[in-house]
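This is what each chain is made of:
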Amino acid sequence: MAAEGCRALVVHDPGGGQTQHLLSLALFQLGRHAEAEVWLRRAGFRLSGADLVDVLVNLAATLLALGRHEEALASINRARVLNPGGARALSAMADILRDRLRPAEALAAGRQAA
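Moving on to the overall build of the chain. If you tally the helices and strands in the chain, you get seven helices and zero strands. Going from the N terminus to the C terminus, the chain shows its helices and strands as α-α-α-α-α-α-α. Residue burial in the chain is summarised as follows: out of 114 residues, 39% are buried. Sequence separation of 24 or more characterises 45% of the internal contacts of the chain that already satisfy a separation of 6 or more.

On to the nonpolar core, then. Counting residues in each nonpolar core, the largest one holds 20 residues, and the members touching the most others are Val57, Ile76, Ala79 and Ile96. Among the secondary structure elements, those contributing two or more residues to this core are helix 3 (33-46), helix 4 (49-65), helix 5 (69-82) and helix 6 (87-99). Counting residues per element, this core draws most heavily on helix 4, which supplies eight residues. Every residue in contact with Ile96, bar those within four places of it in the chain, is listed here: Ala60, Leu64, His69, Ala72, Leu73 and Ile76.

Right, let's get into the packing of helix 4 against helix 5. Between helix 4 and helix 5, whose axes approach to 8 Å, the crossing angle comes to 165°. As the angle between them shows, helix 4 and helix 5 are arranged roughly antiparallel. Both helix 4 and helix 5 take part in a crossing whose hand is left-handed. Seen from helix 4, the contacting residues are Leu52, Val53, Leu56, Val57, Leu59, Ala60, Leu63 and Leu64; seen from helix 5, they are His69, Glu71, Ala72, Ser75, Ile76, Arg78, Ala79 and Leu82. Looking at the contact of helix 4 with helix 5 residue by residue, the classes come out as 12 nonpolar, two polar and two charged.

For the rest of this paragraph, the subject is the packing of aromatic side chains. For the structure on display, the rule yields zero aromatic pairs. The side chain of Arg42 reaches across the aromatic face of Trp39, ending 4.4 Å from its centre.

Now for the side chain of Ser24. Among the secondary structure elements, Ser24 is positioned in helix 2 (residues 17-29). Separated by 2.6 Å, the side chain of Ser24 and the backbone oxygen of His21 make a polar contact. Contact partners of Ser24, with chain neighbours within four places excluded, come to Ala36, Trp39 and Leu40.

About the cut-offs
Residues numbered from 1 in each chain as written. Predicted model: local features only at pLDDT ≥ 70, side-chain atom pairs only at ≥ 80, totals over all residues. Heavy atoms only, no water. Helix = DSSP H or I, 4+ residues; strand = E, 2+ residues; numbered from the N terminus. Buried < 20%, exposed > 50% of the residue type's maximum accessible area, 1.4 Å probe, protein only. Contact = heavy atoms within 4.5 Å. Core = buried A, V, L, I, M, F, W, Y, C linked by side-chain atoms within 4.5 Å. Axes fitted to C-alpha atoms, helices over the stretch in contact; angles between N-to-C directions. Parallel < 35°, antiparallel > 145°, perpendicular 65-115°, else oblique. Left-handed = near helix turned anticlockwise from the far one by under 90°. Nonpolar A, V, L, I, M, F, W, Y, C, P; charged D, E, K, R; others polar. Phe/Tyr/Trp six-rings, centres within 6.5 Å; stacked < 30°, edge-to-face > 60°. Lys NZ or Arg CZ within 6 Å of the ring centre and 35° of its normal. Polar contact = N/O pair within 3.5 Å; in protein donor to acceptor, adjacent residues only side chain to side chain.

Here you go:
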């Protein structure tokens, strides 16, 4: 139901990055990860600053759900460039590195996030 509500908002505000981001979150929660990726990428073209960092972190989570670990790591690295000390991006990076069996790097990222 939330996804349909967000889709209705997108119809009224097709260029709204925040609306597209909200739609992607609803789709992710429904397990519709491929669709969520499309909307996150669209939102990423329209947002900047902290909003873009949020999109990039959520894109990384979506890419992980799709089994695309290296792309997820690239998305997190881009978020870290925009916000080098951001705990959310560092924490997500630690999770990705842990999943990729890179424990030393995961530990370092986790320490930076704390």
